[in-house]
Amino acid sequence: MKNTYKFYDKQASSIITKLQNRIAKKGYCENLGQSELRKFEDSLNKSELTYPEKAQLTEMLSSTINEL
């Protein structure tokens, strides 16, 4: 698995796309995206990225999920 910022940025984008498709098909639910966010954070914690990079990616994904 690549431990680069670009890889995780693309992964976060794909999570957002998946959640948008889920909303379109099934509608919105209260805890939408929380399990995906936890899995993403776990994956980030195992990576070689620096703390600021991890925090930026996590915050970006979290805020985008909240805006859905």
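Bear in mind that the values here come from a model prediction, so they are computed numbers and not experimental data.

Inspection of the entire model under this criterion finds 2 aromatic pairs. Between F7 and Y8, the ring centres sit 5.1 Å apart and the planes meet at 80 degrees, which makes this aromatic pair edge-to-face. A relative accessible area of 30% means that F7 is categorised as partly exposed. Taking the relative accessible area as the measure of exposure, Y8 reaches 0% and is therefore buried. Plain terms: the ring middles of Y8 and F40 are 6.2 Å apart, the flat faces sit at 75 degrees to each other, and that makes the pair edge-to-face.

Counting 13 residues, the largest nonpolar core has Y8, F40, L44, L57, L61 and I65 as its most contacted members. When residues of this core are assigned to their parent elements, the largest contribution, 5 residues, is made by helix α1 (residues 5–26). Aside from chain neighbours lying at most four places away, what touches F40 is Y8, Q11, A12, I15, L57, T58 and L61.

Take D9: it is sitting in helix α1. Take D9: its relative accessible area is 32%, and that puts it in the partly exposed class. Excluding anything up to four places from it in sequence, D9 contacts L57 and M60.

The subject of this paragraph is the pattern of salt bridges. For the structure shown, the criterion picks out 2 salt bridges. Close ionic contact of E36 with K18 constitutes a salt bridge, the shortest N to O distance being 3.8 Å. Placement of the pair is E36 in helix α2 (residues 34–45) and K18 in helix α1, with a sequence separation of 18 residues. One connected set of salt bridges, linked through shared partners, spans K18, R22 and E36.

Turning to α1, a few remarks are in order. Spanning 22 residues, α1 covers 31 Å between terminal C-alpha atoms, matching the ideal 32 Å at 1.5 Å per step. By the burial criterion, the buried members of α1 are Y8, A12, I15, I16 and L19. Down the axis of α1, the buried set is contained in an arc of 95 degrees. They therefore lie on one face. Exposed and facing more than 90 degrees away from the buried side of α1 are K6, K10, A24 and K25.

What counts, and where the lines are drawn
Residues numbered from 1 in each chain as written. Predicted model: local features only at pLDDT ≥ 70, side-chain atom pairs only at ≥ 80, totals over all residues. Heavy atoms only, no water. Phe/Tyr/Trp six-rings, centres within 6.5 Å; stacked < 30°, edge-to-face > 60°. Buried < 20%, exposed > 50% of the residue type's maximum accessible area, 1.4 Å probe, protein only. Core = buried A, V, L, I, M, F, W, Y, C linked by side-chain atoms within 4.5 Å. Helix = DSSP H or I, 4+ residues; strand = E, 2+ residues; numbered from the N terminus. Contact = heavy atoms within 4.5 Å. Salt bridge = Lys/Arg side-chain N within 4 Å of Asp/Glu carboxyl O. Expected span 1.5 Å × (residues − 1). Arc of directions from axis to C-beta.

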